[in-house]
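Tertiary structure, described
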Amino acid sequence: MVSRSDLSGKRVLVTGASGFTGRYMVAELRAQGCHVVALGSQDTVEGAHETIVADLRNPEELVAAVAAARADRVVHLAALAFVGHGNVEDFYSVNLLGTRNLLAALEQTEYPPAHILLASSANVYGNASAGVLDEDTIPSPANDYAVSKLAMEHVAGLWHGRLPITVVRPFNYTGVGQAGQFLIPKIVSHFARRAEVMELGNLEVARDFGDVRSVVAAYGQLLQTSAAIGRTVNVCTGLGHTLMEIVQMCARITGHALEIRVNPAFVRANEVKILVGDNRRLRSLIGNWDPVPMEQTLRWMLGVSA
């Protein structure tokens, strides 16, 4: 039986609360009865009870922000997440050094949190493609985003035994509100407007595509589970879909067919061909968890009822 603590009434600090995942995380925590404190660059964040403005790259601002938050739990989502982002330095200043600054501030605070959840990424596994990837798979990051996330994990290890940290490695996930430069929203938008042609990269790239609502639900359950502290945990469905399969699902849902053209410019060097996760550790820690099936996610995004 999984042992859980009640989060109701707890103060939870969420970084990146105004981002795609953050908005759903705030809603999930509120549904659990939490008092949500958002940290970021905006004065107000929808759904948060309080908002603190601070830059992850500014250690002094973070010390003051963490002291003001008096958080019982922390969910660190803030990151530069688009792999194709042009400025390489940003990956390291935000994803690596920003996280280090946050952990240093949390260690100094008078109100130490009981649990800190750090969002890494399954991209750290790189081009490993033999079967389903578990947390013991040796990382082999294939781009700067992934390198910055793996480096963040190593930095978090410096606080092992000093801060109660869980590192999560979410596989690809999507949902309503995700930025249009990401693959699934791009595909969905073409079908939604009934475009005649769509350009994509490698159609046989397979991903473990999840639903953002399932992901934040898993995060919320991990925050309640002391057994997750000190662990690295995949958050994934365990199922892979190629881009062509996603296109075919959208075609079935909408009844619309379009022409697919492979644009060589969209085929990345060092493209990770297969990225499917093993979620047995997650399930052992949180118990019952039923991720939303991909077709249901696509129907939600397309605004088409089942």
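The notes below deal with the structure included here. (Residues numbered from 1 in each chain as written. Predicted model: local features only at pLDDT ≥ 70, side-chain atom pairs only at ≥ 80, totals over all residues. Heavy atoms only, no water.)

With that settled, consider the overall build of the protein. Across its full length, the protein holds nine helices and 14 strands. By the compact-globule yardstick of 19 Å for 306 residues, the protein fits well, its C-alpha radius of gyration being 19 Å. Projecting the C-alpha coordinates of the protein onto the three principal axes gives extents of approximately 60 × 40 × 40 Å. Counting across all 306 residues of the protein, residues that qualify as buried make up 52%. Considering only residue pairs separated by 6 or more positions, the protein has 79% of its internal contacts joining residues 24 or more positions apart. Looking at the protein as shown, the accessible area adds up to about 13,300 Å², and 51% of this sits on carbon and sulfur atoms. Here the protein contributes 26 positive and 29 negative side-chain charges, whose respective centroids are spaced 3 Å apart. (Helix = DSSP H or I, 4+ residues; strand = E, 2+ residues; numbered from the N terminus. Rg over C-alpha atoms; globule rule 2.2 N^0.38 Å. Buried < 20%, exposed > 50% of the residue type's maximum accessible area, 1.4 Å probe, protein only. Contact = heavy atoms within 4.5 Å. Areas by Shrake-Rupley, 256 points an atom, 1.4 Å probe, with all protein chains shown as cover. Lys, Arg positive; Asp, Glu negative; His and termini not counted. Charge placed at Lys NZ, Arg CZ, Asp CG, Glu CD.)

Now for the packing of helix α5 (residues 183-192) against helix α9 (residues 294-302). To describe two helices that pack against each other, one gives the angle between their axes and the distance between the axes. Interhelical geometry of α5 versus α9 gives an angle of 55° and a closest axis separation of 10 Å. By the angle between their directions, the pair α5 and α9 is classed as oblique. The way α5 lies across α9 gives a crossing that is right-handed. For the pair α5 and α9, the contacting residues are Ile184, Pro185, Val188, Phe191 and Ala192 in the first and Met294, Leu298, Met301 and Leu302 in the second. Taken together, the residues that form the contact of α5 with α9 break down as nine nonpolar, no polar and no charged. (Axes fitted to C-alpha atoms, helices over the stretch in contact; angles between N-to-C directions. Parallel < 35°, antiparallel > 145°, perpendicular 65-115°, else oblique. Left-handed = near helix turned anticlockwise from the far one by under 90°. Nonpolar A, V, L, I, M, F, W, Y, C, P; charged D, E, K, R; others polar.)

The subject of this paragraph is the pattern of salt bridges. If you walk through the whole model with that rule in mind, you get 10 salt bridges. Here Arg11 ties to Glu50 by a salt bridge, and the two come within 3.0 Å at their closest N and O atoms. With Arg11 in strand β1 (residues 11-15) and Glu50 in strand β3 (residues 50-53), this residue pair connects regions lying 39 residues apart in the sequence. Judged by relative accessible area, which is 14%, Arg11 ranks as buried. The partner of Glu295 in a salt bridge is Arg252, and the shortest N-O contact between them spans 3.4 Å. Taken as a pair, Glu295 in helix α9 and Arg252 in helix α7 (residues 243-254) lie far apart in primary sequence, 43 residues in all. A residue is classified by how much of its surface remains accessible, and Glu295, at 28% relative accessible area, is partly exposed. Several salt bridges converge on common partners, so that one network encompasses Arg252, Glu295 and Arg299. (Salt bridge = Lys/Arg side-chain N within 4 Å of Asp/Glu carboxyl O.)

Okay, α9 next. Restricting attention to buried positions, one finds in α9 the residues Met294, Thr297, Leu298, Met301 and Leu302. Projected down its long axis, α9 carries its buried residues within an arc of 130°, all on one side. Buried residues along α9 sit in contact with β7 (173-174), α5, β10 (210-211), α6 (212-223), β12 (241-242) and α7. Two residues or fewer past α9, Gly303 is found with a positive phi of approximately 70°. (Arc of directions from axis to C-beta.)

Attention now goes to the sheet that holds strand β6 (residues 165-170). Each strand in a sheet pairs with another by means of backbone hydrogen bonds, the pair being arranged parallel or else antiparallel. Spatially, the seven strands line up as an open sheet ordered β3-β2-β1-β4-β5-β6-β11, and their pairing is parallel. The open sheet is flanked by β3 and β11 (232-235), the only strands paired with a single partner. The average undirected angle you get between the axes of adjacent strands in this sheet is 20°. Sheet topology places strand β4 (residues 73-76) next to strand β5 (residues 115-119); four bridges connect them, and they run parallel. (Pairing = 2+ DSSP bridges.)

Our next topic: the side chain of Thr137. With respect to the helices and strands, Thr137 occurs in the loop between β5 and α4 (144-157). Thr137 sits in the buried class, given a relative accessible area of 18%. A distance of 3.0 Å separates a polar atom in the side chain of Thr137 from the backbone oxygen of Asp134. (Polar contact = N/O pair within 3.5 Å; in protein donor to acceptor, adjacent residues only side chain to side chain.)

Burial analysis of β1 places five of its five residues in the buried class, the great majority of the element. Alternating residues of β1 divide into Arg11, Leu13 and Thr15 and Val12 and Val14, and every residue in both groups is buried. Of the strand pairs in this sheet, β1 and strand β2 (residues 35-40) are connected by five bridges, and their pairing is parallel. Its bridge partner lying in β2, Val14 is registered against Ala38. What joins β1 to β2 is helix α1 (residues 20-31), and the crossover it makes is right-handed. (Right-handed = clockwise from strand over helix to strand, strands pointing away.)

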